[in-house]
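Results of the structural survey
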Amino acid sequence: MNRPLVRLSGITKSFSEVPANNSVDFTLYPGSVHGLLGENGAGKTTLMNILFGLYRPDSGKIFLREKETSIHSPLDAMKAGIGMVHQHFMLVRTLTVTENIMLGVPSSKFPFLDSRRVRDDIVRLSEVYRLNVDPDAPVSGLSVGEQQRVEILTALFQGADILILDEPTAVLTPGESEDLFSILRTLRDDGKGIVLISHKLEEILSIADEVTILRSGVVTGRTTVTADTTKKELTRMMVGRDVLFDFSGKKAPTGGVVLEISGLKARDDRGLSALDGVSLDVREGEILGLAGVDGNGQKELCQVITGVRESESGTMVFDGINLVPLSPKERIRAGVRHIPEDRQRSGLVMNWDIRRNLILKNYDSPKISGPLLLKAARIREQADEMIAAYAIKTQGGEEPVRNLSGGNQQKVILAREMGENPRLLIAEHPTRGLDIGATEYVRRCLLDRKAAGAAVLMVSADLEEIFQISDRIAVMYNGRILGVVKPEEGRNRVGMLMAGITDTNEDDRKRTAGTSADAPSKSGRAAGNELNPGEPEGELR
Amino acid sequence: MKPALKKIARASGRSPSGTSSPMKQASKKIAPISGRASFGKSFEAAAGRMWPSLIAVLLALFLCGILLALTGHNPLRAYATLLNGAFGNKNRFAETLVKTVPILILALGTSVAFRGKLWNIGGNGQYTAGAVAAVAVAVYVPLPIALRIPLSLLASLSAGILIGGGLGLLRAKLNANEVITTLMVNYIMVQLLSWLVNGPMMDPEGFGFPQTPLVPEAMKLPILLAGTRLHFGLIPALLTAAAAFVFWRTRAGFRIDLVGENPEVAAASGVKVSKNIVAAMALSAAVAAFAGWVDAFGLHGRLQENLSGDLGTIAVVVALLGGLNPVGITAASFFFSVLVVGGATMQRFEGVPYSLVGIIQGLIIVFIISRVVFDRFKEARRVRNLVR
């Protein structure tokens with residue numbers, strides 16, 4: 001290939017003695033999408049923050065177009081043609097797209113603004129790269145995907161030919177992800193160099209030309225992505241061992257209905273309708289995957305089932321008992337347990353130690369509480385048992401959970417919610433933000449519960465996860481269950497339902513039209529994925 | 001960087017109300033001290049957590065020393081006089097303990113609300129209410145003394161429960177900021193007391209002094225140390241501390257701690273947040289009113305204007321300095337009595353203005369809060385490093 005755009009050589013960066021990057025080499029060529037793959041905490045973002053001038057490396061050199069450069073600040077980086085799209089967007093919500101893009105760019109008509117010229121440029125760039133952004137729209141009214149495109153546009157406007165995207169699909173629907181990828185392909189074909197930070201294998205396989213894999217700050221693999229590249233291969237480099245992604249063969253016959261919901265309606269915090277007649281049932285010994293883009297009522301559904309949100313109408317029957325009039329406490333006692341979406345906010349008391357966090361749900365049971373006092377010795381023993389049983393990495397039961405890593409925090413919740421053999425387990429995004437090792441562990445735990453006869457309702461926006469361990473998949477859209485499908489029916493069907501499309505004929509018609517937006521499955525090209533074979537590679541090239 | 005910030009915001013805890021006062025922040029870091037489950041260890045642990053408070057105190061004393069030197073006093077002599085004033089003889093030491101009694105009980109009461117992240121600063125009002133109820137029963141109810149004593153106690157506690165529970169209800173149902181409401185009730189109670197002793201409850205044989213008749217001699221608490229004012233109230237004060245120590249290890253204490261730390265988690269764990277807000281406020285105010293009852297029969301024997309002085313404010317400082325745990329609060333309340341009693345002596349013999357005690361109070365608060373800020377910086381750095 002031609003001259004590299006970026007060459008990082010021997011980059012080392014430590015934070016209070018802990019190396020985040022250890023003599024990392026990285027090369028980005030023009031006209032390619034370079035995947036930067038690794039678990040959480042592997043040092044991907046650190047490396048790119050160094051390139052973007054947010055951190056100074058302890059040692060190592062940065063070459064831009066084969067010229068050694070030192071980048072002291074993001075401003076330097078932008079001047080050198082580097083643009084970064086952060087995980088959290090840096091946009092002013094009350095300003096329009098044009099105004100946002102103008103921020104931080106010197107005006108040619110100083111001291112006045114040259115809004116018109118900027119606006120024209122935006123329109124032109126937007127057309128060239130098919131970004132489809134309205135320059136006059138206020139950012140507050142844009143969807144997440146649109147906001148991301150504004151970020152990309154900002155970078156392009158500033159003349160970036162090196163574009164860094166930090167976990168860009170984490171906030172997108174499968175359809176939006178596919179849109180993003182087609183934009184990235186256009187940019188690549190225009191000769192830009194793109195770095196895609198990700199921990200999602202399918203994503204890397206479907207879009208990247210090359211991939212560099214980091215593990216604990218060290219490069220553990222570097223390869224070009226071909227049709228033969230497999231997930232297993234990448235995983236091994238990422239985790240250092242084979243992770244068993246195959247959870248199949250676990251399909252046991254399911255039992256009777258544990259939870260039956262019908263016509264459930266509820267409002268969200270703003271008083272708007274969040275559940276618009278939800279009906280579903282969860283059976284003994286099954287995992288019902290609840291797929292859907294975030295914000296379609298999944299959160300409210302879980303809250304109504306656990307009792308922290310009131311329903312307006314509809315019925316919930318749990319093992320033959322009417323659940324609606326029961327208090328949250330009574331539901332907990334009846335065996336309804338919950339792994340919340342945001343473990344730090346609604347799952348754990350961050351300032352408390354592990355011991356106290358473990359008794360939140362049963363502090364008043366005779367096991368934990370005597371007639372007057374809580375049983376300190378019992379609480380201590382229980383914590384020690386749970387720490388051992390769930391392999392929680394900690395210095396001891398009296399360590400505050402805020403000191404634990406995300407995975408270990410989640411294990412504390414698992415131990416608490418699964419310890420007493422729940423009858424119904426609601427798992428909300430149980431692996432969100434966890435690394436691959438912890439993710440596997442959590443999924444195994446859910447399967448264990450299922451095998452023990454629990455009914456598991458798993459909410460997830462991650463199709464990979466949904467398909468891996470669900471026995472049935474219910475898709476939620478706009479406060480309703482649009483359909484319940486078998487995993488064998490394929491991702492396209494679920495992806496369509498997630499986008500609110502129920503009519504499969506329409507689906508077919510659109511597919512033949514052949515635009516990229518019609519393939520909501522983000523893993524379309526994932527090697528070894530028989531569900532979705534032979535989608536054309538680089539269709540926009 | 002953003003996720004790091006978010007994390008800190010979470011780690012530092014959210015409070016049920018949206019406002020954020022420095023006091024609130026102060027006890028955020030202090031609150032985690034909330035009781036451990038183990039009895040034996042907690043004494044040790046409490047002592048271990050005491051040293052930051054100790055440093056705050058030493059720094060405050062040191063800075064005040066400089067201030068003393070600048071104003072032409074010999075700081076060492078001033079402090080020596082202060083100590084002498086608090087411990088110098090039997091009488092002075094007794095006075096120090098007499099002062100400890102209401103401060104300790106009030107601070108324990110304050111800490112109940114604080115651990116629920118409810119900023120009850122109405123100690124003065126609740127103390128006053130307790131004293132008024134006690135004296136009213138003692139003076140006006142024509143029952144045998146043996147019945148009047150428990151009745152007066154009941155009246156005091158009820159007054160506290162009514163005020164605290166009422167304000168708790170306002171907080172829980174209407175989200176009325178308890179800082180404002182408790183403060184307002186302070187004014188109401190102080191003015192009410194003033195009206196009572198100048199009007200309906202004024203002693204008819206008191207030559208027009210704004211005070212009530214004395215309570216019956218038989219109802220007064222016995223003197224513990226002959227020749228001093230040290231009264232039996234010290235025992236219930238220490239018992240209250242012991243009760244608080246036990247309380248934080250019961251289910252009810254656990255619930256209040258939990259609601260204070262994270263109401264969302266509390267709700268998800270089946271704990272009724274509103275109910276516990278009301279309960280914490282009611283208990284907090286009832287304990288404060290109990291302090292009024294003890295002082296009414298142990299010390300004052302009657303009602304006078306401005307009975308509470310600045311006890312309520314001192315109680316807030318003591319509760320925070322004591323890390324909201326009963327052991328720490330007991331130590332801190334004794335320390336503050338030394339300051340208050342010794343400070344008065346210092347003024348008399350050294351000509352050092354009593355307001356120095358106020359300055360020390362203020363500085364201690366400043367240092368406790370800066371410790372929180374310092375911890376946050378450390379936490380921010382730690383989290384940032386973890387995230388990368």
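Residues numbered from 1 in each chain as written. Chains lettered and ligands numbered in written order. Predicted model: local features only at pLDDT ≥ 70, side-chain atom pairs only at ≥ 80, totals over all residues.

1. Describing the overall build of chain B
As a reminder of what qualifies: Secondary structure is summarised from DSSP: a helix means a run of H or I of at least four residues, a strand means a run of E of at least two, and numbering begins at the N terminus for each. The burial criterion counts other C-beta atoms lying within 10 Å of a residue's C-beta, which is placed from the backbone; the residue is buried at 20 or more, exposed at 12 or fewer, and partly exposed between these limits. We call two residues in contact if the C-beta atoms placed from their backbones are at most 7 Å apart.
Along the backbone of chain B there are 15 helices and zero strands. Looking at chain B residue by residue over its 388 residues, the buried ones come to 52%. Once local pairs closer than 6 in sequence are excluded, the contacts in chain B between residues at least 24 apart make up 79%.

2. Side note on the overall build of chain A
Helices and strands together make up the secondary structure of chain A, namely 18 helices and 20 strands. Counting over 541 residues, chain A shows a buried share of 49%. Contacts in chain A between residues at least 24 apart in sequence constitute 68% of all its contacts with a sequence separation of at least 6.

3. Thoughts on the sheet that holds strand β17 (residues 424–428) of chain A
Sheet strands associate in pairs through backbone hydrogen bonding, adopting either a parallel or an antiparallel arrangement. Residue and element names in this part refer to chain A. Stated formally: DSSP-based pairing: two strands are paired if at least 2 bridges between them are found. For helices, the axis comes from a line fit to the C-alpha atoms of the stretch in contact; other axes are also lines fit to C-alpha atoms, and the angle between any two N-to-C directions lies between 0 and 180 degrees.
If you trace the six strands from one edge of the open sheet to the other, you get β16-β17-β18-β13-β19-β20, paired in mixed fashion. Strands at the two margins of the open sheet, each flanked by one partner only, are β16 (336–339) and β20 (480–485). Between one strand and the next, the sheet's axes are offset by a mean angle of 20°, whatever the strand orientation. Relative to β20, strand β19 (residues 472–477) is paired through five bridges, and the arrangement is antiparallel. Of the residues in β20, the one forming a bridge with Tyr 477 is Arg 480. The sheet contacts of helix α14 (residues 406–418) involve β16 and β17, and relative to β16 the element is tilted by about 175°. Contacts from helix α15 (residues 436–451) reach β13 (286–291), β17 and β18 (455–460), with the element oriented near 155° to β18.

4. As for the interface of chain A and chain B
Keep this limit in mind: Each residue is assigned to one class: nonpolar for Ala, Val, Leu, Ile, Met, Phe, Trp, Tyr, Cys and Pro, charged for Asp, Glu, Lys and Arg, and polar for all the others, Gly among them.
Listed per partner, the contact involves 38 residues of chain A and 23 residues of chain B. Among the secondary structure elements, those contributing two or more residues to the side of chain A that touches chain B are β2 (18–28), α1 (44–51), α10 (328–334), α11 (343–347) and α13 (376–389) of chain A. At four residues, the largest contribution of residues to the side of chain A that touches chain B is made by α11(A). Looking at side-chain class alone, the side of chain A that touches chain B contains 19 nonpolar, twelve polar and seven charged residues.

5. Observations concerning the pairing of strand β8 (residues 193–198) of chain A
The side chains of a regular strand alternate, residue by residue, between the two faces of the sheet. Residues and elements named next belong to chain A. Keep this limit in mind: Whether a crossover is right-handed comes down to one check: with the strands pointing away from the viewer, does the path from the first strand over the helix to the second run clockwise; if it does, it is right-handed.
With six of six residues buried, β8 lies mostly within the body of the structure. Here β8 shows a buried face lined by Gly 193, Val 195 and Ile 197 and a second buried face lined by Ile 194, Leu 196 and Ser 198. As defined by bridge partners, strand β3 (residues 32–38) adjoins β8 across six bridges and the pair is classed as parallel. In the strand pairing of β8, Gly 35 is matched with Leu 196. Handedness of the strand β7 (residues 162–166)-helix α6 (residues 174–189)-β8 crossover: right-handed.

6. Describing helix α10 (residues 251–261) of chain B
In an α-helix, one turn spans 3.6 residues; hence positions three or four apart end up facing the same way. Residues and elements named next belong to chain B. Taken across its eleven residues, α10 has nine buried, putting it largely inside the fold. By the burial criterion, the buried members of α10 are Gly 253, Phe 254, Arg 255, Ile 256, Asp 257, Leu 258, Val 259, Gly 260 and Glu 261. Contacts made by the buried residues of α10 are with α5 (90–115), α9 (234–247), α11 (263–268) and α12 (273–300).

7. Thoughts on unusual backbone geometry
Residue and element names in this part refer to chain A. The residue Ser 23 is not glycine, and still its phi comes out positive at about 40°. On the secondary structure map, Ser 23 appears in strand β2. Even without glycine at this site, Glu 167 takes up a positive phi of about 45°. Positionally, Glu 167 belongs in the loop between β7 and α6. The exposure class of Glu 167 is partly exposed, given the 18 C-beta atoms found within 10 Å.

8. With respect to the sheet that holds strand β15 (residues 321–322) of chain A
Residue and element names in this part refer to chain A. Taking strand neighbours across the sheet as the criterion, the four strands line up as β12-β11-β14-β15 in an open arrangement whose pairing is antiparallel. The open sheet has two edge strands with one neighbour each: β12 (273–283) and β15. Of the pairings in the sheet, the one linking strand β11 (residues 257–267) to β12 comprises eight bridges and is antiparallel in character. Across the sheet, residue Arg 267 finds its bridge partner in β12, namely Ser 273. Contacts from helix α9 (residues 298–306) reach β11, β12 and β14 (313–318) within the one sheet, and its direction differs from that of β12 by about 65°.

9. Describing helix α8 (residues 178–198) of chain B
All names here are of chain B. In plain terms, the rule: One less than the residue count of a helix, multiplied by 1.5 Å, gives the span that helix is expected to have. It is the directions from the helix axis to the C-beta atoms whose arc is reported.
Compared with the 30 Å implied by 1.5 Å per residue over 21 residues, the 30 Å span of α8 between its first and last C-alpha is a close match. When α8 is considered as a whole, its buried residues turn out to be Glu 178, Thr 181, Thr 182, Val 185, Asn 186, Met 189, Leu 193 and Val 197. For α8, the angular spread of buried residues about the axis comes to 150°, placing them on one side. Set apart from the buried face of α8 by more than 90 degrees, the exposed residues are Tyr 187 and Gln 191. On the buried face of α8, the contacting elements are α6 (123–140), α7 (145–174), α12 and α13 (311–321).

10. A short note on the packing of α6(B) against α8(B)
All names here are of chain B. Applicable threshold: For a crossing to be left-handed, the near helix must be turned anticlockwise from the far one by less than a right angle; the clockwise case is right-handed.
Two elements in contact, α6 and α8, have axes separated by 7 Å at closest approach and are oriented at 35°. The two elements α6 and α8 cross, and the hand of that crossing is left-handed. For the pair α6 and α8, contact is made by Asn 124, Gly 125, Thr 128, Ala 129 and Val 132 and by Thr 182, Val 185, Asn 186, Ile 188, Met 189, Val 190, Leu 193 and Leu 196, respectively. For the contact of α6 with α8, the per-class residue count stands at eight nonpolar, five polar and no charged.

11. Some remarks on the nonpolar core
This is how the line gets drawn: A set of buried Ala, Val, Leu, Ile, Met, Phe, Trp, Tyr and Cys residues, joined through C-beta atoms within 7 Å, is what we mean by a nonpolar core.
Among the nonpolar cores identified, the biggest contains 192 residues, and Leu424(A), Val456(A), Val475(A), Ile105(B), Ala134(B), Ala289(B) and Val318(B) are the most heavily contacted of them. When residues of this core are assigned to their parent elements, the largest contribution, 18 residues, is made by α12(B).

12. Focus on the environment of Ser115(A)
Residue and element names in this part refer to chain A. Within the fold, Ser 115 resides in helix α4 (residues 115–128). A count of 15 C-beta atoms within 10 Å places Ser 115 in the partly exposed class. C-alpha of Ser 115 to C-alpha of Ile 101: the two residues are 14 residues apart in sequence and 10.0 Å apart in space. Setting aside anything within four residues of it in sequence, one finds Ser 115 in contact with Thr 98 and Met 102.

13. Let's talk about the pairing of β18(A)
Residue and element names in this part refer to chain A. A large share of β18 lies buried, amounting to six of its six residues. Two strands pair when backbone bridges link them, and β17 and β18 are joined in this way by five bridges, in the parallel orientation. Considered in β18, the bridge of Glu 428 is made with Val 459. The parallel pair β17 and β18 is bridged by α15, and the resulting crossover is right-handed.

14. Here's the deal with the confidence of the model for chain A
The following threshold applies: Every residue is assigned a pLDDT by the predictor, reflecting its confidence on a scale from 0 to 100.
With 89% of its residues at a pLDDT of 70 or more, chain A shows a mean pLDDT of 84. Note that pLDDT drops below 50 for residues 505–541 of chain A; the model gives that stretch 67 contacts with residues more than four away or on any other chain.

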